Amino acid sequence: MIIQLNQQITSDDYKQLLSILNKYNFNTKKVRTQLGIYLIALGNTEFDIRIIGNLKGVKDVHAVNDKHKLVSRKWKTSPTSIDLGDNHYVGGGDFSIIAGPCSVENEAQIHVISDFLKEKEISIMRGGVFKPRSSPYSFRGVGIEGLQYFAHVCHEKNIKIISEVMQEEMIQPMYPYVDIFQVGARNSQNFNLLDALGKIDKPVLLKRGISGTIDELLYSAEYIFSGGNEKIILCERGIRTYEKAYRNTLDLNAVALLKEKTHLPVIVDPSHGTGIRELVEPMTLASIMSGADGVMLEMHQDPQNALSDGQQSLSLKQTGSLLEKINATVTLHKKM
C-alpha cells in the first residue's frame with residue numbers, strides 16, 4: 001500500500017495514522033522525494049484502505065500489490081515526465097533522442113558533435129568520461145577535467161549532458177556538470193551507488209544489467225525512488241544470451257512490458273543492444289514502434305578511429321539520415 005501524505009501533515013495527524021497502521025500489523029517506511037511524501041505500508045493484504053483514506057493529512061491511498069511499489073503503474077497510472085530544465089523533458093508523451101560518442105575524447109570532438117546536435121535540434125548529448133572497460137588496457141576516459149569542458153561547451157548551446165557515474169564518491173565532483181547521471185549495466189545492482197543517487201535531485205538513467213531481469217531492473221529503480229529521487233529513466237540496452245552473432249540481444253519485449261508495469265520513462269540503447277553499426281537503424285525504428293519514450297545513440301565524427309565502441313557508432317551522415325527516419329516513424333506511431 002502507498003499512502004500519499006499532504007506536505008503540511010501535522011505531527012499529531014501522522015502519529016494517528018501510524019497508530020492505525022501498527023494496529024493492523026503494517027511495517028512502514030516514510031519516503032520524502034522532490035515531489036511528494038509517501039508512506040509505504042507492507043503487510044496486511046486484506047486491509048480496507050478506506051479506513052485511512054479520509055484521515056487528516058492523507059492526500060491519497062493506493063492498494064499496490066506489486067513487489068516494486070513506488071515505480072509501479074498501479075498507483076500512478078499517468079506516465080511520468082522527467083523535467084531536465086530549460087523546457088527539456090523525457091517521457092510523458094515526448095520522444096527523446098540522446099546522441100553522442102561512447103567516450104569524450106578531446107575538445108575538438110565535443111565542438112564538432114555538439115554543433116551537429118544543435119543543428120539537428122537534439123537537446124541531450126551523451127559522453128562517458130569515466131569508462132568501465134573489460135580490458136584494463138583500453139581507453140578509460142578523460143576524467144573530471146574533460147567533463148568540465150564537455151559541460152561548458154554543451155550548456156552554452158542549451159544542450160543537456162548525460163555521463164556515467166561508477167562510484168559513490170564521484171557523484172559530488174560530477175554533480176555541478178551533469179544533467180543526467182547514467183548508471184551503466186555493470187552497476188545496475190550496485191545498491192550503495194543506487195542509494196546515494198536516491199539522495200540527489202538530478203535525473204538518473206538506469207540501464208538494465210548485462211543479464212538482468214525485468215524484476216531486477218525495477219527493484220534497482222525502487223532503490224533510487226525510495227531513497228528520495230523520483231527522476232528515473234529506465235534503459236533497455238540488450239542482455240547477454242547464448243547468441244554470438246551480435247554483441248547483446250536487444251530485448252524489445254522489455255519495452256512493451258515495462259510500459260505496462262511502470263510509470264517511468266523507458267528508452268532504448270540500440271548501439272549497445274546490438275554492437276553492430278548496421279543494426280542500429282532498424283532496431284531504433286523498431287524501438288519506436290514498441291512504445292519507447294526515446295533512444296540513446298552512439299555517434300562519432302570518425303567511427304573507424306574512435307577510442308571506444310567505434311564498431312557500433314554512427315557517422316554524422318548516418319546519424320542525420322536516421323534522424324529523418326526517426327521523425328517519420330514517431331509521427332506514424334502517434335497516428336496508430
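Residues numbered from 1 in each chain as written. Predicted model: local features only at pLDDT ≥ 70, side-chain atom pairs only at ≥ 80, totals over all residues. Heavy atoms only, no water.

Moving on to the side chain of Ser103. Along the polypeptide, Ser103 turns up in the loop between β7 (96-100) and α3 (107-119). A residue is classified by how much of its surface remains accessible, and Ser103, at 2% relative accessible area, is buried. Polar contacts involving the side chain of Ser103 include one to the side chain of Ser308, which spans 2.7 Å. (Helix = DSSP H or I, 4+ residues; strand = E, 2+ residues; numbered from the N terminus. Buried < 20%, exposed > 50% of the residue type's maximum accessible area, 1.4 Å probe, protein only. Polar contact = N/O pair within 3.5 Å; in protein donor to acceptor, adjacent residues only side chain to side chain.)

With that settled, the discussion passes to the packing of aromatic side chains. What the rule picks out here adds up to five aromatic pairs. Centre to centre, the rings of Tyr24 and Phe47 are 5.0 Å apart; their planes meet at 65 degrees, and the pair counts as edge-to-face. You can see Tyr24 sitting in the loop between α1 (11-23) and β2 (27-32) and its partner Phe47 sitting in the loop between β3 (37-42) and α2 (50-53), a full 23 residues away along the chain. Judged by relative accessible area, which is 28%, Tyr24 ranks as partly exposed. On the basis of an interplanar angle of 85 degrees and a centroid distance of 5.1 Å, the ring pair of Phe26 and Phe47 is categorised as edge-to-face. Pair noted here: Phe26 is in the loop between α1 and β2 and Phe47 is in the loop between β3 and α2, with a separation of 21 residues, a long-range link. Across this residue pair, the class does not change: Phe26 and Phe47 are buried. Here the aromatic residues Tyr24, Phe26 and Phe47 are joined through ring pairs into a cluster of three or more. In this structure, Lys30 is placed above the aromatic ring of Tyr14, and the distance from its NZ or CZ to the ring centre is 4.5 Å. Lying across the ring of Tyr175, Lys202 places its NZ or CZ 4.4 Å from the centre. (Phe/Tyr/Trp six-rings, centres within 6.5 Å; stacked < 30°, edge-to-face > 60°. Lys NZ or Arg CZ within 6 Å of the ring centre and 35° of its normal.)

Keep in mind these values describe shape, not function.
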